[in-house]
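Observations on the model geometry
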Amino acid sequence: MAVNTLPSQATRPRQHVRPPARRRMPRLKTVLVAAAAYVISFVFLFPYVVMLLTSLRSQESLREVSFWPKEWVWSNLANFWTSGLAGNLWVTLKVAGGSTVLVLLVALPAAYYSARHNFRGRTAFLILVLITQMFQPTAMLVGIYREFFQFGLVDSIWSLILVNGGFNLAFAVWILNAYFASIPRELEEAAFIDGNGRFGALFRITLPLAMPGVITALIFTFIAAWNEFVVALTLTTTPENQPLTVALNSFIGQYQVDWQNLFAGSVIATIPVIILFALIERKVVGGLTAGSIK
């Protein structure tokens, strides 16, 4: 007859029940860092709040001391579309988009080749790329205008695309070069063993892994071309071919400034960039930190 060797309910050892963990209070350092972050965020966001509130004021209430408008004039935002500035917004979108595509088409192969091959003059090439980043369009404005005038590209969207693409190319090459260099070569060699060629390994393995760096170059090029003013003011003459940054200047007269419509246009011009940056913010942070950890 088998004997039941299992312990009875009374003889079983009681399981130790842990008391609920107490919620730790945040450290003083964490509180100070969080408070400093909120203060810095407020300092940077406050001008945008003022711009939004001013865009909703009436002409008579611009000189009021009160922070909040007594009368909310939402028609100022609607006037943007009836004033003809929607066409200038479309020009800005084409210039920024075209410049970004041009930069990526040139920077991707240049950065990939310089990251994967130790060719003669590689260091000099990277230093030359860095030196070109030091030149500002304002310092070369006369030469730029004369060059495009000789080619008949003054008052053309293509001239703005070429200039913005050229002056943002160096930054894109450096960002993408650092990201391609951080991707192990063994991944591409494994793709070669599986039967992929150089372009197959690039498009199937390397580019998907380098997408945070590509998006970083994309967003910074797009924002720089979106906000450019001096070159666009010099190279465009007709209102239809002017980007929004130049068209908004029409609200500034010799004796009076149409502040509410100027700020209304500025608010609308800021919204697309904010939406774009919010959608890909995580990958932008990853692209900026590429190559910092080996």
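Procedures and definitions
- Residues numbered from 1 in each chain as written.
- Predicted model: local features only at pLDDT ≥ 70, side-chain atom pairs only at ≥ 80, totals over all residues.
- Heavy atoms only, no water.
- Patch = residues over 30% accessible without salt bridge, like charges linked within 9 Å, V, L, I, M, F, W, Y side chains within 5 Å.
- Areas by Shrake-Rupley, 256 points an atom, 1.4 Å probe, with all protein chains shown as cover.
- Salt bridge = Lys/Arg side-chain N within 4 Å of Asp/Glu carboxyl O.
- Helix = DSSP H or I, 4+ residues; strand = E, 2+ residues; numbered from the N terminus.
- Buried < 20%, exposed > 50% of the residue type's maximum accessible area, 1.4 Å probe, protein only.
- Polar contact = N/O pair within 3.5 Å; in protein donor to acceptor, adjacent residues only side chain to side chain.
- 1 Å grid on protein atoms, 1.4 Å probe; cavity = no way out; pocket = protein on both sides within 12 Å on 5 of 7 lines; lining within 4 Å.
- Points joined across faces, edges and corners; volume = space filled by probe spheres on them.
- Nonpolar A, V, L, I, M, F, W, Y, C, P; charged D, E, K, R; others polar.
- Core = buried A, V, L, I, M, F, W, Y, C linked by side-chain atoms within 4.5 Å.
- Contact = heavy atoms within 4.5 Å.

Regarding a nonpolar patch on the surface
Judged by side-chain polarity, Val39, Ile40, Phe42, Val43, Phe44, Phe46, Val49, Phe67, Trp68, Trp72 and Trp74 come together as a nonpolar surface patch covering roughly 1,200 Å² of accessible area. Position of Trp74 relative to the elements: it lies in the loop between helix H1 (28-55) and helix H2 (75-82). Owing to a relative accessible area of 55%, Trp74 belongs among the exposed residues under this scheme.

Remarks on the environment of Thr216
As for its placement among the helices and strands, Thr216 is situated in helix H9 (residues 211-227). Here Thr216 falls in the buried class, since its relative accessible area comes to 0%. Between the C-alpha atoms of Thr216 and Ala172, which are 44 residues apart in sequence, the distance is 8.2 Å.

Here we look at the side chain of Asn164
As for its position among the elements, Asn164 is in helix H6 (residues 157-182). Here Leu160 takes part through its backbone oxygen, which lies 2.6 Å from a polar atom of the side chain of Asn164.

Regarding empty space enclosed by the protein
Counted under the stated rule, the structure contains one cavity of 30 Å³ or more. One number sums up the size of the largest cavity: a volume of about 40 Å³. Residue assignment for the lining of the largest cavity shows that the elements contributing at least two residues are helix H3 (85-116) and H6. In terms of residue class, the lining of the largest cavity is made up of five nonpolar, two polar and one charged.

Some thoughts on the pattern of salt bridges
In the structure shown here, the tally under the stated rule is one salt bridge. Between Glu188 and Arg116 there is a salt bridge, and its shortest N-O distance comes to 3.4 Å. Remark: Arg116 occurs in helix H3 and Glu188 occurs in helix H7 (residues 185-193); sequence separation between them is 72 residues. Each member of the pair, Glu188 as well as Arg116, carries the same accessibility label: buried.

Some points on the nonpolar core
Soluble globular proteins: nonpolar side chains tend toward being buried together. Ala107, Leu176 and Phe180 are the most contacted members of the largest nonpolar core, which has 19 residues in total. For this core, the elements supplying multiple residues, two or more each, are H3, H6, helix H8 (198-209) and H9. Beyond its immediate sequence surroundings of up to four residues, Ala107 is in contact with Leu169, Ala172, Val173 and Leu176. Core analysis: the next-biggest nonpolar cluster, separate from the first, contains 16 residues, Phe80, Ala96, Ala225 and Ile268 among them.

Examining unusual backbone geometry
Unlike most non-glycine residues, Asp155 shows phi in positive territory, near 60°. In this fold, Asp155 is placed in the loop between helix H5 (141-150) and H6.

Notes on the side chain of Thr92
With respect to the helices and strands, the residue Thr92 is situated in helix H3. A distance of 2.6 Å separates a polar atom in the side chain of Thr92 from the backbone nitrogen of Leu244. When near neighbours in sequence (up to four residues on either side) are disregarded, Thr92 contacts Trp226, Pro243 and Leu244.

In short, shape yes, function no, at least from these values alone.
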